[in-house]
Amino acid sequence: MSARNANPLKVSLLKQIHNIINCLVNIKDETGEFLMTLDDGRVIDTKGWNDWEWTHGIGLYGLLKLHKITGDVHALDILLAWFRERFEIGTTKNVNTMSPLLTAAYLHEAKKADYLVHLDSWAEWVMYDMPRTEEGGLQHITYLVVNYQQLWDDTLMMSVLPLAKIGLVLDRPHYVEEAKRQFLLHIKYLQDIQTGLWFHGWTFDGRHHFGKARWGRGNCWVTVAIPDFIEMLNLPETDGLRRYLVTSLVAQIDALVKCQDQATGLWHTVLDDENSYLESSCTAGFAYGILKALRLRLIPKEERYTNSAKKAIQGVLANITPEGELKLVSFGTPVFDNIEEYRRVPLTSMPYGQSLALLALTEYLRTCV
């Protein structure tokens, strides 16, 4: 087929995707505002591409998805270069620095590189040395804060998905079973049974949900993680865990459809608080998760779902600059004790904003294949 007969939507999406990638790997912290200084003197660049945090782990996952769908060699080259440089230097293990190991497991499985030693070391740490809450939950320990007895919704994406994938790749079913248990435990304590949305965090130390924020990006990690987990484990329709996860996902998506901003297709950074700003990275995550849930038939192809996903994609596209930068992205957000603090989190371009847009558009790209 000649280029002039190519699907114009596909051509446009691929152009947008490559602009997003270019911006992803060239983002810089020009002011030093987003540098994280550790007690041992190390400085972690949470904004630039050449460091090791959850922000980079999500970017790697987006690049992996693009490579798997399109065979994009440039995306693969970026992935392999990042792991080569980062594994040589190493980093501190925590809930967030575990996130790149999801992509590493897929690359190892595809024989693009040999990451056996790294996969083994990181997964064993999660299984046996990572701090735990009551009931054996993965405590959300980060570079700077131990977050004693705390469960966060982010953990499912950052540590539990990598653990499950490594368990499959290394044939260690006890990793997979632990990942299943973590999904159940996080649903038990973080999903709001009244709204279907998820609280950002829970602590066993005092047994409460902090400011009871139903935070946008925290929720989007769940919308991304549940379909990916079901697909990763190839759970059959009759599987009890799959059916439980689907009911949780449907409850969340039903609530999301109701609180989506109809004028822009975006969601507020605190989902049920119209006084909080509209935020695009969570919107991209919701677009990916809803589109994938539709594709996997986890939710029916009803107009309310398809329209919500379409509006979300349009909202994301409307906030991508000609240079490929996704605007209206909130900076990394801890669990706060009140809603007002969420409203004050600054907006800036970040690798995870780029990569969530990349995830959304690559999933949308499948409709053109």
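Residues numbered from 1 in each chain as written. Predicted model: local features only at pLDDT ≥ 70, side-chain atom pairs only at ≥ 80, totals over all residues. Heavy atoms only, no water.

The chain is annotated in an unreviewed UniProt entry as Glycoside hydrolase family 105 protein of Lentinula detonsa.

**Q** Hey, could you run me through the environment of Pro236 in this one?
**A** Turning to its location among the elements, Pro236 is positioned in the loop between helix H8 (216-233) and helix H9 (240-259). Taking the C-alpha atoms as reference points, Pro236 and Ser121, separated by 115 residues in sequence, lie 31 Å from one another. (Helix = DSSP H or I, 4+ residues; strand = E, 2+ residues; numbered from the N terminus.)

**Q** Teacher, can you tell me more about the state of the cysteines here?
**A** As used in these notes, a disulfide is a covalent bond between sulfur atoms, one from each of two cysteines. Tallying each qualifying case throughout the model produces zero disulfides. No disulfide involves Cys282; its sulfur sits 6.4 Å from that of Cys220, the nearest cysteine. Judged by relative accessible area, which is 0%, Cys282 ranks as buried. (Disulfide = S-S within 2.5 Å. Buried < 20%, exposed > 50% of the residue type's maximum accessible area, 1.4 Å probe, protein only.)

**Q** Sorry if this is basic, but what is going on with the nonpolar core here?
**A** Generally speaking, soluble globular proteins have nonpolar side chains that are buried together. Counting residues in hydrophobic clusters, the biggest one holds 117 residues, and the most contacted among them are Leu63, Leu101, Met157, Ile166, Phe183, Phe229 and Trp267. Residue contacts for Phe229: discarding those within four places in its chain leaves Leu161, Ala164, Ala179, Lys180, Phe183, Leu241 and Leu245. Trp152, Ala213, Val270 and Phe336 belong to the second-largest nonpolar core, a separate cluster that totals 10 residues. (Core = buried A, V, L, I, M, F, W, Y, C linked by side-chain atoms within 4.5 Å. Contact = heavy atoms within 4.5 Å.)

**Q** Looking at this model, I keep getting lost on unusual backbone geometry. Mind explaining?
**A** Peptide bonds are, in most cases, trans, and in most cases residues other than glycine have a negative phi. Unlike most non-glycine residues, Glu135 shows phi in positive territory, near 65 degrees. Inspection of the secondary structure assignment puts Glu135 in the loop between helix H5 (116-128) and strand E3 (150-152). Of note, Leu328 is a non-glycine position whose phi angle comes to about 60 degrees, a positive value. Within the secondary structure, Leu328 sits in the loop between helix H11 (303-318) and helix H12 (339-343).

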